[in-house]
Amino acid sequence: MNVYDKLKELQIELPPHPPLGGIYKPVKQVGSLLFVSGQGPTKDGKPVIAGKVGGERTIEEGQEAARLCVLNCLSVLHHFLGDLNKVKSVVKLLGFVESAPGFNRQPEVINGGSQLLCDIFGEDRGKGARSALGTNELPGDITVEIEFIFEV
Amino acid sequence: MNVYDKLKELQIELPPHPPLGGIYKPVKQVGSLLFVSGQGPTKDGKPVIAGKVGGERTIEEGQEAARLCVLNCLSVLHHFLGDLNKVKSVVKLLGFVESAPGFNRQPEVINGGSQLLCDIFGEDRGKGARSALGTNELPGDITVEIEFIFEV
Amino acid sequence: MNVYDKLKELQIELPPHPPLGGIYKPVKQVGSLLFVSGQGPTKDGKPVIAGKVGGERTIEEGQEAARLCVLNCLSVLHHFLGDLNKVKSVVKLLGFVESAPGFNRQPEVINGGSQLLCDIFGEDRGKGARSALGTNELPGDITVEIEFIFEV
């Protein structure tokens, strides 16, 4: 199925390309691998979901943050590739959850983004390897940061 | 030397394939690279070594946790490849140690897993690039999480 | 431009190859990808910039730490490749900043290393994908740790 039709069906509008937050490229391609820089739950470069899960933020808010990371990633990929249908598969997600002391359910949080990738690309193509981890602090106090590798 | 003979010589029995802890694939292959999802010191998906090194856990317990991460990784690879002898080399380990404040000996902890890979695959084939880092919290309060890249 | 001429122009002398801090290879090559193990702001394996940014360390000191990570990385690459001119491009940086509670400007810290790579290799070749994250503890209490992927 066409990815853009699927996005329409899911009533998802891709956000504008997030501004760069430092000295890096949003995407770097080597052969068939696309390395996408770490994405956060930001809009126009400003955090929209900030604070630690298990503290100021619930798991559900963390999952929404992970969804926003994926949407920013797809915006970046759309601009890089010109056509999201060129994505052959998700290769790997490395997801960090800003975690209050004693919060240990990071995989459930990152699932928010992983599920969205499956919804858009389908179970096989949308699922890759993954690590989900906690950290004490993230840039701009964002709740989640995810970096991605895709295959084209 | 045959990897399974080596495992027998080292009196190592591969654990059963760990259950999935979220929405991801245990292994994703692209060309000759195998990306293995983050593994923990778990049995049947339950943590067997939990708590922070430098706090509730000693360095030796952390090293044992790193060994268990590697064993789960090998179980996953065995199921994916059908034959561990197909592994050409270890490419990279990214290892996180759940660290109490002031604990700064993460490389010694991750060495527990790195040494096991060398024992099984030999010095050259079993050694790849590596980063060892601390973090405040990991899923299920596990003591160590390691993600892997292999070459086939 | 020749990389060594550029280093001379920038009055940069490559440090000696850092000693191994554990059981791993400094660089692992698979095809055209070079995976470089996590580097710190060390000299002869001893931390030269230690402590958390937002605590004992300023952003400027963190940026200098990131520069030292890059210099150690280039030393490692120089020894591996024999000639840094073989580097085709920077593919990805994964940078961790040892962060005091409430410090959330990790990208500015990692920029210290990213800028140096651009200065040496030029804007296009020296810039890859990147993630910048915080963590509570790093090996030897180093202020920054960066792992790298390069293309040859």
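Quantities reported herein were computed from a predicted structural model and do not represent experimental measurements.

A short note on the confidence of the model for chain A
Here is step 1 of the chain: Predicted confidence across chain A gives a mean pLDDT of 98, with 100% of residues reaching 70 or more.
Here is step 2 of the chain: Predicted complex metrics record ipTM = 0.97 and pTM = 0.98.

Description of the packing of helix α2 (residues 59–81) of chain B against helix α3 (residues 106–121) of chain B
All names here are of chain B.
Here is step 1 of the chain: With their axes 7 Å apart at the nearest point, α2 and α3 run at an angle of 45° to one another. Classed by the angle they form, the pair α2 and α3 counts as oblique. Here the hand of the crossing between α2 and α3 comes out right-handed. On the side of α2, the interface is formed by I59, G62, Q63, A66, R67, V70, L71 and L74, while α3 contributes E108, V109, I110, G112, G113, L116, L117, I120 and F121.
Here is step 2 of the chain: For the contact of α2 with α3, the per-class residue count stands at 11 nonpolar, four polar and two charged.

Let's talk about the relation of the copies chain C and chain B
Copy one and copy two of the chain differ by a rotation about an axis and a translation along that axis.
Here is step 1 of the chain: Take chain C, turn it by 120°, move it 0.0 Å along the axis, and it overlays chain B with an RMSD of 0.0 Å. Taken together, the rotation angle and the small translation identify this as a three-fold axis.

Side note on α3(B)
Residue and element names in this part refer to chain B.
Here is step 1 of the chain: The terminal C-alpha atoms of α3 lie 23 Å apart, and with 16 residues this matches the ideal 22 Å at 1.5 Å per residue to within 8%.
Here is step 2 of the chain: The sharpest bend along α3 comes to roughly 35°, located at G112.
Here is step 3 of the chain: Among the 16 residues that make up α3, 13 are buried, leaving the element largely enclosed by the rest of the structure.
Here is step 4 of the chain: Just downstream of α3 lies G122, where phi reads positive at about 90°.

What counts and what doesn't
- Residues numbered from 1 in each chain as written.
- Chains lettered and ligands numbered in written order.
- Predicted model: local features only at pLDDT ≥ 70, side-chain atom pairs only at ≥ 80, totals over all residues.
- Heavy atoms only, no water.
- pLDDT = per-residue confidence, 0-100.
- Axes fitted to C-alpha atoms, helices over the stretch in contact; angles between N-to-C directions.
- Helix = DSSP H or I, 4+ residues; strand = E, 2+ residues; numbered from the N terminus.
- Parallel < 35°, antiparallel > 145°, perpendicular 65-115°, else oblique.
- Left-handed = near helix turned anticlockwise from the far one by under 90°.
- Contact = heavy atoms within 4.5 Å.
- Nonpolar A, V, L, I, M, F, W, Y, C, P; charged D, E, K, R; others polar.
- Least-squares fit on C-alpha atoms with pLDDT ≥ 70 in both.
- Expected span 1.5 Å × (residues − 1).
- Bend = angle between axes of the 7 residues up to and from the residue.
- Buried < 20%, exposed > 50% of the residue type's maximum accessible area, 1.4 Å probe, protein only.

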